[in-house]
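The residues making up each chain are set out below.
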Amino acid sequence: MYFPQQDNQDALLNNSNAHSLRIHSLETFGTHDGPGIRMVVFVQGCQFRCLYCQNPDSIDIHGGKMVSIEELVAKALKQKAYFEKKGGVTVSGGEPLLQRTKLIQFFDLLHENGINTCLDSNGRVLDSDTKELLERTDLLLLDVKHINEDWHKKLTSVNNATTLKIAEYRETTGKPMWLRYVLVPGWTDQVEYLHEWAKHFSDYKTIERIEIIPFHQMGKYKWELTGLKYSLSDLSPPTTEACEKARAIFSEYLENVVIK
């Protein structure tokens with residue numbers, strides 16, 4: 001499978017077919033990616049190479065399919081009655097920020113039709129377009145995969161500097177965000193770094209919820225289908241005790257910590 005240079009991916013995705021998104025899949029009546037009932041658009045393309053990625057088939061920017069923004073808005077409107085007050089549309093990935101200029105259009109149209117917007121991102125890109133998109137994002141779900149830069153790079157192949165800058169920027173806007181943390185045995189469960197992670201965000205006022213997501217093997221078959229090497233194939237999910245320990249540590253510094 002061909003992966004272009006990471007720094008070129010956002011330019012390739014943003015500059016192609018300006019009124020369409022390259023998507024991996026679409027989920028209706030989603031309840032795991034933001035509040036309420038949501039339509040979830042999983043976009044194609046990602047600069048991270050997370051060892052535990054559950055959708056490795058969403059990494060390649062040449063994969064997926066092109067769907068017009070108008071068509072996606074029309075699909076959302078058909079489901080609007082089910083969104084009620086809390087629901088809406090979530091754009092997840094892949095990494096949505098690689099198509100941020102297109103998502104500005106998409107979110108503007110959703111808002112024009114009274115539909116709540118949510119962005120699920122690993123925070124790889126911070127520029128003026130990202131800031132414009134975040135202004136149109138009612139809720140940011142930010143995946144902060146590790147607080148230690150070295151461990152973050154081992155886990156994802158890139159550093160965590162921009163992710164942390166996006167969290168800092170979002171805080172300055174006063175707009176709400178949820179933080180997400182995948183608990184991977186031997187990789188993200190080190191006690192000292194769990195304390196450091198939570199302490200880093202302890203003074204933030206815009207964080208409404210912390211989600212601890214236990215590592216699982218449900219995406220293992222996708223690694224096999226794509227022919228990519230899956231280095232965590234023999235790793236077991238964290239125990240209930242390990243998850244509760246992480247929740248307890250986070251709860252020393254932060255409120256509303258939940259295990260997904």
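Given the structure is predicted, the values throughout are model-derived calculations rather than measurements.

A. The arrangement of the state of the cysteines in detail. Throughout the structure, instances matching the rule amount to zero disulfides. The thiol sulfur of Cys 50 is not disulfide-bonded, and the nearest other cysteine sulfur, from Cys 46, lies at 6.2 Å. Unpaired in terms of disulfides, Cys 53 finds its nearest cysteine sulfur in Cys 50, a separation of 6.3 Å. Here Cys 53 falls in the buried class, since its relative accessible area comes to 18%.

B. Expanded view of helix α2 (residues 69-83). Taken as a whole, α2 carries its principal kink of about 35° at Leu 77. The inward-facing, buried residues of α2 contact β1 (20-30), β2 (38-43), β3 (65-68), β4 (88-92) and α3 (100-112). Positive backbone phi, approximately 55°, marks Glu 84, located one or two places after α2.

C. Focus on the nonpolar core. By size, the foremost hydrophobic cluster in this structure holds 52 residues, and its most contacted members are Phe 106, Trp 197 and Phe 201. Residue contacts for Phe 201: discarding those within four places in its chain leaves Val 144, Leu 164, Ala 167, Leu 179, Ile 207 and Leu 254. One finds Cys 53, Leu 155, Phe 215 and Leu 232 within the second-largest nonpolar core, a separate group that totals 14 residues.

D. Examining the pairing of strand β8 (residues 207-214) more closely. With seven bridges joining them, strand β7 (residues 177-183) and β8 adopt parallel strand pairing. Along β8, the bridge assignment pairs Leu 179 with Ile 210. Following the chain from β7 across helix α7 (residues 191-200) to the adjacent parallel β8, one finds a crossover that is right-handed. In this structure, β8 lies alongside strand β9 (residues 257-259), joined through three bridges in parallel fashion. Bridging across to β9, Ile 210 finds its partner in Val 257.

E. How the structure looks around the side chain of Asn 160. Tracing the sequence through the fold places Asn 160 in the loop between α5 (149-156) and α6 (161-173). One polar contact links the side chain of Asn 160 to the main-chain carbonyl oxygen of Ile 147, over a distance of 3.0 Å. Among residues more than four places away in sequence, those in contact with Asn 160 are His 146, Ile 147, Asn 148, Glu 149 and His 152.

Definitions and limits used
- Residues numbered from 1 in each chain as written.
- Predicted model: local features only at pLDDT ≥ 70, side-chain atom pairs only at ≥ 80, totals over all residues.
- Heavy atoms only, no water.
- Disulfide = S-S within 2.5 Å.
- Buried < 20%, exposed > 50% of the residue type's maximum accessible area, 1.4 Å probe, protein only.
- Bend = angle between axes of the 7 residues up to and from the residue.
- Helix = DSSP H or I, 4+ residues; strand = E, 2+ residues; numbered from the N terminus.
- Contact = heavy atoms within 4.5 Å.
- Core = buried A, V, L, I, M, F, W, Y, C linked by side-chain atoms within 4.5 Å.
- Pairing = 2+ DSSP bridges.
- Right-handed = clockwise from strand over helix to strand, strands pointing away.
- Polar contact = N/O pair within 3.5 Å; in protein donor to acceptor, adjacent residues only side chain to side chain.

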